[in-house]
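# A look at the structure
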Amino acid sequence: MDNILSKYFNGLSADQISKFEQLSPLYAEWNEKINVISRKDIEHLYERHILHSLAIFKFAPFQKGSNILDIGTGGGFPGIPLAIMMPEVEFVLVDSIGKKINVVNEISSALGLTNVTAHHSRAESVKGKFDFAVSRAVADISLLVQWSQGKISATHKNAIPNGLICLKGGDLKEELKPFKKIIEVYELSSWFKEEFFETKKLVYLTL
């Protein structure tokens, strides 16, 4: 396993370490068949995809029994790293591109992840209620809010109220303006010291 994870997360179990170690060869193999991660990024898998996804865990380690919806998961980010980190939390990963969901299913199966369900679907078509919706640089906040409407449970079991948590980059001033009274923004550089995270942010709002 890339030591960048052990640098920021102490106490990983042997099972978690094993699963994280398997991600590199699995994604390398699938990326040869289906381009789920950009070619230039595959060599930075642990920093730019896995650690980036785990910023959500840094912010909100979800309680056992929580249900999380990963909107536009692509090849399984942030859902798969979060599912490894939180085996007692249920994750539903959705994407409108079927071949990417096939990769998610194959990787989840290879890892033996029993807390991941993947759907080839648009987020707004997913049934059920969730404690949080999460997303990683998929769409404008206004769209993510729209897609999450009606899917967030009114029953709270975590330390923070249920809502939307997304990972974004760059200047978000205009994008966040309509939500500025209900939104919280966190700089990932306060958690992770690599240059990649200097412009990365976590955005949280209650729904």
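A short tour of the structure in this document, coming up. Since we're looking at a predicted model, the values are computed, not measured.

## Section: the overall build of the protein
Along the protein, the regular secondary structure elements total seven helices and seven strands. Listed N to C, the secondary structure of the protein is α-α-α-β-α-β-α-β-β-α-β-α-β-β in terms of helices and strands. The proportion of buried residues among the 207 residues of the protein is 53%. Residue pairs in contact within the protein that sit at least 24 positions apart in sequence constitute 70% of those at least 6 positions apart. Here the protein displays about 9600 Å² of accessible surface, and carbon together with sulfur accounts for 48% of that area. Charge-centre separation for the protein: the mean point of 24 positive side chains lies 6 Å from the mean point of 24 negative side chains.

## What to know about the packing of aromatic side chains
Under the definition given, this model contains nine aromatic pairs. Relative to Y186, the ring of F59 lies with its centre 4.9 Å away and its plane at 50 degrees, an arrangement referred to as tilted. Residue F59 is found in helix α3 (residues 45–59), and its partner Y186 is found in strand β6 (residues 183–187); the two are separated by 127 residues along the sequence. What makes F59 buried here is its relative accessible area of 16%.

## Describing the sheet that holds strand β1 (residues 67–71)
The seven strands are arranged β3-β2-β1-β4-β5-β7-β6 in an open sheet whose pairing can be described as mixed. In this open sheet, the two strands that pair with only one neighbour each are β3 (116–120) and β6. If you compare each strand with its neighbour and ignore which way they point, the axes differ by 20 degrees on average. The pairing of strand β5 (residues 163–169) with strand β7 (residues 200–206) spans seven bridges and is antiparallel.

## Topic: the pairing of β7
Across the seven residues of β7, six count as buried, placing the element largely inside the fold. In this sheet, β7 lies alongside β6 in antiparallel orientation, the contact comprising five bridges. Looking at β7, one finds that Y186 is bridged to L202.

## Some points on helix α5 (residues 98–111)
Its 14 residues give α5 an end-to-end C-alpha distance of 20 Å, which sits within 8% of 20 Å, the value for a rise of 1.5 Å per residue. The complete set of buried residues in α5 reads G98, I101, V103, V104, I107, S108 and L111. In the core, the buried residues of α5 are packed alongside α2 (14–33), α4 (79–85), β2 (90–95) and β3. Looking at the residues trailing α5, positive phi occurs at G112, about 75 degrees.

## Side note on the pattern of salt bridges
Oppositely charged side chains are able to pair whenever their charged atoms sit close together. For the structure shown, the criterion picks out nine salt bridges. In this structure, E194 and K7 form a salt bridge, with 2.8 Å as the shortest nitrogen-oxygen distance. Highlighted residues: E194 in the loop between β6 and β7 and K7 in helix α1 (residues 3–8), separated in sequence by 187 residues. Residue E194 is classed as buried on the basis of its relative accessible area, which comes to 13%. Residue D15 is joined to K19 by a salt bridge in which the shortest nitrogen-to-oxygen separation is 2.9 Å. Taken together, the residues span about one helical turn, with D15 and K19 both in helix α2 at a distance of four residues.

## Comments concerning α2
The end-to-end C-alpha distance of α2, which contains 20 residues, comes to 30 Å, matching closely the 28 Å that a straight helix rising 1.5 Å per residue would cover. The axis of α2 is deflected most strongly, by about 30 degrees, at L23, and proline P25 appears within four residues downstream. Within α2, burial applies to Q16, K19, F20, L23, L26, Y27, W30 and N31. Taken together, the buried residues of α2 touch α1, α3, α4 and α5.

Reading the values: rules and limits
Residues numbered from 1 in each chain as written. Predicted model: local features only at pLDDT ≥ 70, side-chain atom pairs only at ≥ 80, totals over all residues. Heavy atoms only, no water. Helix = DSSP H or I, 4+ residues; strand = E, 2+ residues; numbered from the N terminus. Buried < 20%, exposed > 50% of the residue type's maximum accessible area, 1.4 Å probe, protein only. Contact = heavy atoms within 4.5 Å. Areas by Shrake-Rupley, 256 points an atom, 1.4 Å probe, with all protein chains shown as cover. Lys, Arg positive; Asp, Glu negative; His and termini not counted. Charge placed at Lys NZ, Arg CZ, Asp CG, Glu CD. Phe/Tyr/Trp six-rings, centres within 6.5 Å; stacked < 30°, edge-to-face > 60°. Pairing = 2+ DSSP bridges. Axes fitted to C-alpha atoms, helices over the stretch in contact; angles between N-to-C directions. Expected span 1.5 Å × (residues − 1). Salt bridge = Lys/Arg side-chain N within 4 Å of Asp/Glu carboxyl O. Bend = angle between axes of the 7 residues up to and from the residue.

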